[in-house]
Amino acid sequence: THGHQDHRAGDPLFAALPNTEILATPTGTIELGDREVQVIPAPGHHPDHVLFYDEQSQALFTGDFLLRGRLLVDDIDAYRQSAQRVSEFVAKHPVSHVLGAHIELDISGNPFPGGATFHPNESLRPLTIFDVQALPPALENFNGFYSRYPNFIVVNPIHNLLAIAAGVTVMLALLGWAARRWWKRRRTATA
């Protein structure tokens, strides 16, 4: 669905198979003999992110664009435009299954720690077209850092890191100021 390593690491294994083609960024449709899969561009999580729709099974594979867990925002404007376009798409096409790439929430709706490889009591509740339709307003109301919804969490990791860095910088500046003030008082008291 996109170029992040956790989605591309297996490409060389598939490329080594006979009659197999790895597409960098597919667009339009993919012909699978008697079956056609539509490819829908959906940047926002990653510039090259795409979704796949199989009309025969009525399945929409959303990858990291929409999943039960953290939706990591790379470009909020692109994400908003993509979410609106995908919401309009599902309004015009029958969708019986919405399949995200990961499940990062437990059965209580709490997120697993970032990078966790063990997910006990993972949520089995599937995504639906209602989740697809809930994404555009969620992104419109996104506070730029962290916003939680019933089936997903919208996060901008870069904004969060910048906020932490700013907080640490302020804390160090205050500690430096306090240490300097203490040192001056100590020198004045001993003089």
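Everything below is about the structure shown above.
Note that the structure is a prediction, hence the values are computed from the model and not measured.

Rules used in this analysis
Residues numbered from 1 in each chain as written. Predicted model: local features only at pLDDT ≥ 70, side-chain atom pairs only at ≥ 80, totals over all residues. Heavy atoms only, no water. Salt bridge = Lys/Arg side-chain N within 4 Å of Asp/Glu carboxyl O. Helix = DSSP H or I, 4+ residues; strand = E, 2+ residues; numbered from the N terminus. Buried < 20%, exposed > 50% of the residue type's maximum accessible area, 1.4 Å probe, protein only. Axes fitted to C-alpha atoms, helices over the stretch in contact; angles between N-to-C directions. Parallel < 35°, antiparallel > 145°, perpendicular 65-115°, else oblique. Left-handed = near helix turned anticlockwise from the far one by under 90°. Contact = heavy atoms within 4.5 Å. Nonpolar A, V, L, I, M, F, W, Y, C, P; charged D, E, K, R; others polar. Pairing = 2+ DSSP bridges. Lys, Arg positive; Asp, Glu negative; His and termini not counted.

Please clarify how the pattern of salt bridges should be interpreted in this entry.
Once their charged atoms are close, side chains differing in charge can pair, the charge on each being opposite to the other. Within this structure, the stated rule accounts for four salt bridges. Measuring nitrogen to oxygen at the nearest pair gives 3.6 Å for the salt bridge that ties R70 to E104. Here the residue R70 occupies a position in strand β5 (residues 70-72), and E104 occupies one in the loop between β6 (97-100) and α4 (129-140), the gap between them amounting to 34 residues. A residue is classified by how much of its surface remains accessible, and R70, at 21% relative accessible area, is partly exposed. Residue class for E104 comes out buried when judged on its relative accessible area of 17%. For R80, the salt bridge goes to E140, with nearest N and O atoms at 3.9 Å. Here R80, found in helix α3 (residues 76-92), pairs with E140, found in helix α4; they are 60 residues apart in sequence, far enough to count as distant. The network of salt bridges with common partners includes D77, R80 and E140.

Before we go on, may I ask you to explain the packing of α3 against α4 in this structure?
In a pair of packed helices, the angle between the axes and the distance between the axes together describe the arrangement. Look at α3 against α4: their axes get within 9 Å of each other, and the N-to-C directions meet at 150 degrees. By the criterion of interaxial angle, the relationship of α3 to α4 is roughly antiparallel. Handedness of the crossing formed by α3 with α4: left-handed. Along its contact with α3, which presents I76, Y79, R80, A83, Q84, V86, S87 and V90, the element α4 presents I129, V132, Q133, L135, P136, L139 and E140. Of the residues that constitute the contact of α3 with α4, the class distribution is ten nonpolar, three polar and two charged.

Help me out: how do you make sense of the sheet that holds β5 in this one?
Think of a sheet as strands paired side by side through backbone hydrogen bonds, with each pair either parallel or antiparallel. Strand order in the open sheet made by the three strands is β5-β8-β7, with mixed pairing throughout. Only two strands of the sheet have a single partner each, and these edge strands are β5 and β7 (146-148). With strand direction ignored, the average angle separating the axes of adjacent strands in the sheet is 20 degrees. Note: β5 against strand β8 (residues 153-155), three bridges, orientation parallel. From the neighbouring strand, R70 faces β8, where its bridge partner is I153.

Where do I start with the side chain of D106 in this structure?
Here D106 shows up in the loop between β6 and α4. In this structure, D106 is buried with no salt-bridge partner, the nearest side chain bearing the opposite charge being R148 at 6.5 Å. If we ignore the near neighbours within four places in the chain, the residues touching D106 are F112, P120, N121, E122 and S123.

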